[in-house]
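# Remarks on the overall topology
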Amino acid sequence: MANAASGMAVDDECKLKFLELKAKRNYRFIIFKIESQQVVIEKLGSPEETYEEFAASLPADECRYAVFDYDFITSDNCQKSKIFFIAWSPDTSRVRSKMVYASSKDRFKRELDGIQVELQATDPSEMSFDIIKSRAL
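The text that follows walks through the structure, step by step, so that each part is easy to find. Please read these numbers as outputs of a predicted model, since none were measured by experiment.

## Remarks on the pattern of salt bridges
Taken as a whole and judged by the stated rule, the model has 16 salt bridges. The shortest N-O distance in the salt bridge between D71 and R25 comes to 2.3 Å. Here D71, found in strand β5 (residues 64–73), pairs with R25, found in the loop between α1 (12–24) and β3 (29–35); they are 46 residues apart in sequence, far enough to count as distant. By relative accessible area, which is 36% here, R25 ends up partly exposed. In this structure, the salt-bridge partner of E42 is R64, at a minimum N-O distance of 2.9 Å. Of the two residues, E42 is situated in strand β4 (residues 38–45) and R64 in strand β5; the sequence distance between them amounts to 22 residues. The exposure class of R64 is buried, given its relative accessible area of 6%. Through salt bridges that share partners, K33, E35, E42, E62 and R64 make up one connected network.

Shown next, in the form of structure tokens:
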């Protein structure tokens, strides 16, 4: 179990499932939450799930970390994939929760080797599919 500088531990399962997403493409997304002073997995999205299903899985008024594997085809017809790290911190979440997630984010992100794009979102419009597409290129 990795120990974060903020006093936050990261469950080993978080890193294992992230490696499976990255190497084996077993998941489309992973949603993480902080529970009892450690980061744990809340939901694993199957490869068939869409971005809309991923976005709908984030709670409207609670902070989360998430990783999304975005597949796309470039203008020169190459199949590509980018792994997004999304720090979800809705305006309606509790201040204490926002502080805990903000102070633990960089340390947690370092545990996940292979993140290519980071997004910070406080409402759904800040992580729309159009933003994901534009940030992937």
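## Points about the state of the cysteines
What we call a disulfide is simply a covalent bond connecting the sulfur atoms of a pair of cysteines. Taken as a whole and judged by the stated rule, the model has zero disulfides. Considering cysteine sulfurs only, C63 is the nearest to C14, which forms no disulfide, with 16 Å between them.

## Some thoughts on the layout of surface pockets
The volume enclosed by the largest pocket comes to roughly 250 Å³. In this structure, the largest pocket is lined by 13 residues; those nearest its centre are I34, E62, R94, S97 and Y101. The leading source of residues in the lining of the largest pocket is helix α3 (residues 95–111), at four residues. The class makeup of the residues in the lining of the largest pocket is four nonpolar, three polar and six charged.

Rules of the game
- Residues numbered from 1 in each chain as written.
- Predicted model: local features only at pLDDT ≥ 70, side-chain atom pairs only at ≥ 80, totals over all residues.
- Heavy atoms only, no water.
- Salt bridge = Lys/Arg side-chain N within 4 Å of Asp/Glu carboxyl O.
- Helix = DSSP H or I, 4+ residues; strand = E, 2+ residues; numbered from the N terminus.
- Buried < 20%, exposed > 50% of the residue type's maximum accessible area, 1.4 Å probe, protein only.
- Disulfide = S-S within 2.5 Å.
- 1 Å grid on protein atoms, 1.4 Å probe; cavity = no way out; pocket = protein on both sides within 12 Å on 5 of 7 lines; lining within 4 Å.
- Points joined across faces, edges and corners; volume = space filled by probe spheres on them.
- Nonpolar A, V, L, I, M, F, W, Y, C, P; charged D, E, K, R; others polar.

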